[in-house]
Amino acid sequence: MTASTGQIIRSHGRRFIVEADGRTYDCTTRGKRVDFACGDFVDILIQNQEQAVIERSRERSSLLYRQDDWKAKVIAANVSRILFVIAAVPSPNEELLGRCLIAAEAGDIEPVIVVNKCDLPETPALLAKLQLYVKLGYQLVTLSAKQDFSPLLPLLQGHTSVLVGQSGMGKSTLTNALLPDANARIGDISIALDSGRHTTTHAALYHLDESSHLIDSPGLQEFGLKHLQAADLIHYFPEMRQYIGQCRFHNCTHRVEPNCAIMAAAETGAISRHRLDLLQRLTQDLAPVRL
Ligand code: GDP
Ligand code: ZN
């Protein structure tokens, strides 16, 4: 058996497709280990021309988790750019955007807000609402996936990107525009397991050019935040970082305590009420359960 190193370009539950030395291998893992994800660089042991075993993953620059009711599941590794797709129609959910920005900040990944369907007359009102995020320093690009998606291209250069957003915002339309040659788009791929059952693909990595890649994960609405600690949340709100250490209580939850610097800043308008609400909801969601 020969050893090599490659990258996971598809994950299907416990099976992974790894690209190495210009070939693809259908890989299993040792024992019950399944904590690998699309985008991971892995050391493999090649068994034959088609099959290999994943030995270990190399250090990851980032990890993204899928939203799950009770635990964080890794969905993609080594992503350097999150594209949050939003449009004026259907009615956009701003909470989802806020949560996605938290996941990006926590993962040290640069987010871009992609305002799609700019051909619709409702778009200026959405753009006005999103100015809040531009003021916070987030990048925003406006385009129409149907008419002209070229404004997105420079933002993809040199990055491994992932598209996320509410259903109906145009993620599939954008993906199809970016990957016109991918005749087997991921929604259509399923592989047979040894048991005879089929499993669907969770994520696939496509090469846009030599240095730019797109990880497609159909149905990805938002990233899980369950791996985060409530006490760390404030670090992921850029406008709140300056108040760290200024609350009266060092373990302030910024919800009910007197002399809370964050709530005081929201009173004066220095922090938007909307963002404080998000912080408070997430703090409650992530608070450790006390028995
Ligand atoms: P997804 O659920 O996020 O993958 O969204 P889809 O790509 O399936 O798009 C949802 C709907 O929006 C479809 O009917 C698309 O044709 C439409 N759509 C996508 N991009 C645009 C756009 O730029 N302008 C307009 N007007 N409609 C779009
Ligand atoms: Zn506080």
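Residues numbered from 1 in each chain as written. Chains lettered and ligands numbered in written order. Predicted model: local features only at pLDDT ≥ 70, side-chain atom pairs only at ≥ 80, totals over all residues. Heavy atoms only, no water.

Looking at an unreviewed UniProt entry, one finds the protein named Small ribosomal subunit biogenesis GTPase RsgA and attributed to Chromobacterium subtsugae. Its UniProt record gives the protein the following Subunit (unreviewed entry) comment, quoted word for word: "Monomer. Associates with 30S ribosomal subunit, binds 16S rRNA." Comment text from UniProt for the protein, heading Subcellular location (unreviewed entry), reads "Cytoplasm". (UniProt positions renumbered as here; feature names shortened; annotations may be inferred.)

Draft legend 1. Structural context of the coordination of the zinc ion (ligand 2). For the zinc ion (ligand 2), the protein coordination sphere consists of C247 (SG), C252 (SG), H254 (ND1) and C260 (SG), at 2.1 to 2.4 Å. Here the zinc ion (ligand 2) binds four donor atoms, and the angle range of 103 to 114 degrees at the metal identifies the geometry as tetrahedral. The sequence pattern formed by the donor residues of the zinc ion (ligand 2) is C-x4-C-x1-H-x5-C. Placement of the pair is C247 in the loop between strand 15 (213–216) and helix 5 (261–268) and C260 in the loop between strand 15 and helix 5, with a sequence separation of 13 residues. (Donors = N, O, S within 2.8 Å, 3.2 Å for Na, K, Ca; no water. Tetrahedral: all angles 85-135°; square planar, octahedral: opposite > 155°, others 65-115°. Helix = DSSP H or I, 4+ residues; strand = E, 2+ residues; numbered from the N terminus.)

Draft legend 2. Focus on the pairing of strand 4 (residues 41–46). Across the six residues of strand 4, five count as buried, placing the element largely inside the fold. With six bridges connecting them, strand 1 (residues 2–12) and strand 4 associate as antiparallel partners. Residue G6 lies in a different strand from strand 4, and its bridge partner there is V42. The pairing of strand 4 with strand 5 (residues 51–57) spans five bridges and is classified as antiparallel. In the sheet register, D43 faces strand 5, and the bridge partner there is R56. Counting the residues between successive antiparallel strands, the hairpin from strand 4 to strand 5 contains four residues. (Buried < 20%, exposed > 50% of the residue type's maximum accessible area, 1.4 Å probe, protein only. Pairing = 2+ DSSP bridges.)

Draft legend 3. Local environment of the side chain of S161. Mapping S161 onto the fold places it in strand 11 (residues 160–164). Judged by relative accessible area, S161 falls into the buried class, the value being 1%. Excluding residues that lie within four positions of it along the chain, S161 makes contacts with R81, L83, L156, H213, L214 and I215. (Contact = heavy atoms within 4.5 Å.)

Draft legend 4. Region of interest: the pattern of salt bridges. Inspection of every chain in the model, using the stated rule, returns 12 salt bridges. Notably, a salt bridge pairs R58 with D43, separated by 2.9 Å at the nearest N-O pair. Of this pair, R58 sits in the loop between strand 5 and strand 6 (63–66) while D43 sits in strand 4, and the two are 15 residues apart along the sequence. The class of D43 is buried, set by a relative accessible area of 11%. Note that R275 and E239 form a salt bridge whose closest N and O atoms lie 2.7 Å from each other. Of this pair, R275 sits in helix 6 (residues 273–286) while E239 sits in the loop between strand 15 and helix 5, and the two are 36 residues apart along the sequence. The residues R275 and E239 share a single accessibility class, namely buried. (Salt bridge = Lys/Arg side-chain N within 4 Å of Asp/Glu carboxyl O.)

Draft legend 5. Examining the packing of helix 1 (residues 94–106) against helix 2 (residues 123–135) more closely. In contact at an axis separation of 12 Å, helix 1 and helix 2 are set at 15 degrees when each is read in the N-to-C sense. With respect to helix 2, the axis of helix 1 lies roughly parallel. Taken as a pair, helix 1 and helix 2 cross one another with a handedness that is right-handed. When helix 1 is examined against helix 2, the residues E94, L97 and L101 are found in contact with a partner set consisting of K129, L130, L132 and Y133. Its residues assigned to classes, the contact of helix 1 with helix 2 shows five nonpolar, no polar and two charged. (Axes fitted to C-alpha atoms, helices over the stretch in contact; angles between N-to-C directions. Parallel < 35°, antiparallel > 145°, perpendicular 65-115°, else oblique. Left-handed = near helix turned anticlockwise from the far one by under 90°. Nonpolar A, V, L, I, M, F, W, Y, C, P; charged D, E, K, R; others polar.)

Draft legend 6. Region of the structure containing the site of ligand 1. Surrounding ligand 1, one finds 15 residues, the nearest of these being D119, S144, G168, S172 and T173. K117 has a polar side-chain atom sitting 3.0 Å from an oxygen atom of ligand 1. The separation between an oxygen atom of ligand 1 and a polar main-chain atom of K171 is 2.8 Å. Expressed as a share of its isolated accessible area of 580 Å², the protein-covered part of ligand 1 is 72%. Looking at the shell around ligand 1, the element that brings in the most residues is helix 4 (residues 171–178), giving three residues. The residue makeup of the shell around ligand 1, split by class, is three nonpolar, eight polar and four charged. (Near = heavy atom within 4 Å. Polar contact = N/O pair within 3.5 Å; in protein donor to acceptor, adjacent residues only side chain to side chain. Areas by Shrake-Rupley, 256 points an atom, 1.4 Å probe, with all protein chains shown as cover.)

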